[in-house]
Amino acid sequence: AVKIGLEYAPPVLFAGTRMLLCGVAMVLAALVWGGGANVRDGWPVYLLLAFFNVVLFYGLQTFAVLYMPSGAAAVVIFLQPILVGFLSYLMLGEPLTAAKIVGLFLGFSGVVVVSAGSLSGASLGTPLGIAFGVASAVSWALGTVYFKRYEERLSTLWAVGGPFLLGGICLTGLGLVLEPLSEISWTGTYVASWLYASLVGTALAWILWLGLIRAGEASRVSAYVFFVPLVAVLLGALFLREMVGPLLLVGAALVVSGIYLVNRRGEEEKRAG
């Protein structure tokens, strides 16, 4: 949906308006089902989640894609689960076993293999693009760990709605400064991709993401993020007629093996209990 939308709109404005629509929709949902916003005690959490999960994560990710191939950008950005594993150990006291470390690196290797098809004969991008991608991954990891640490201060709906409304306003404002509004082509295809990317690919996805982070260890849940490039490649083949090669099967095997290792201890504990 994002790839289609970017054919009709400049990147920062597309990202900003997507975040803004997500924020408005989630704030309305939170007013009905999310309970109190707890702004008095939770405002520092809202600001930091908006800063890490929206402005830096999506903003830097957008610039990373501008300066490097999408496959290389995916590899760099999906360092996030590995970073979450180490940050959760340092900041949350979550265990960092040998199996978990091996699993995280296996999952990341799967992302590298899946992305390799788009890198054949292509440059890895400029140092600036790589720096943007790494910074995007770090900001996403910090936002994830920070939410886990202070989750009791706000509901999941408000944790999505508040930060995305604030971050969407910032990114949209930046887009209006950097890019002409007239470059958005309001076709039916664009509106459909924008609505889907905003309400399903962002709002619903983040509700599920933060709900899972709230329910389990951040490092274990983050490992499932390695599935995202696999699904993206399959959907690209299905809807955009992009090529799928044997590397997808190798990457899928590595990702599944990695996720299994990261979560294996949890399964054993569950059976024991």
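Structure: see above.
Let us look at the structure shown here. (Residues numbered from 1 in each chain as written. Predicted model: local features only at pLDDT ≥ 70, side-chain atom pairs only at ≥ 80, totals over all residues. Heavy atoms only, no water.)

Attention now goes to the nonpolar core. Formed by 58 residues in total, the largest nonpolar core has its most connected members in Trp-140, Phe-164, Trp-206 and Trp-209. Looking at this core element by element, the count peaks at eight residues for helix α3 (residues 39-67). Residues in contact with Phe-164, not counting those within four places in the same chain, are Met-19, Leu-20, Cys-22, Gly-23, Asn-53, Val-54, Tyr-58, Thr-202 and Trp-206. (Core = buried A, V, L, I, M, F, W, Y, C linked by side-chain atoms within 4.5 Å. Buried < 20%, exposed > 50% of the residue type's maximum accessible area, 1.4 Å probe, protein only. Helix = DSSP H or I, 4+ residues; strand = E, 2+ residues; numbered from the N terminus. Contact = heavy atoms within 4.5 Å.)

Turning our attention to helix α5 (residues 80-91). End to end, α5 covers 15 Å across twelve residues, agreeing with the expected 16 Å (1.5 Å per residue, within 8%). Of all the positions in α5, only Gln-80, Pro-81, Ile-82, Val-84, Gly-85, Leu-87 and Ser-88 are classed as buried. Phi turns positive, to about 75°, at Gly-93, one or two residues after α5. (Expected span 1.5 Å × (residues − 1).)

Moving on to unusual backbone geometry. For Asn-38, which is not glycine, the phi dihedral falls at a positive 50°. Structurally, Asn-38 is set in the loop between α2 (11-33) and α3. Judged by relative accessible area, Asn-38 falls into the partly exposed class, the value being 31%.

Turning next to a nonpolar patch on the surface. A cluster of nonpolar side chains, contributed by Tyr-224, Phe-227, Val-231, Leu-235, Leu-238, Phe-239, Leu-240 and Val-256, occupies part of the molecular surface with about 770 Å² of accessible area. No other element matches helix α11 (residues 227-239), which puts five residues into the nonpolar patch. Within the secondary structure, Leu-238 is located in helix α11. (Patch = residues over 30% accessible without salt bridge, like charges linked within 9 Å, V, L, I, M, F, W, Y side chains within 5 Å. Areas by Shrake-Rupley, 256 points an atom, 1.4 Å probe, with all protein chains shown as cover. Salt bridge = Lys/Arg side-chain N within 4 Å of Asp/Glu carboxyl O.)

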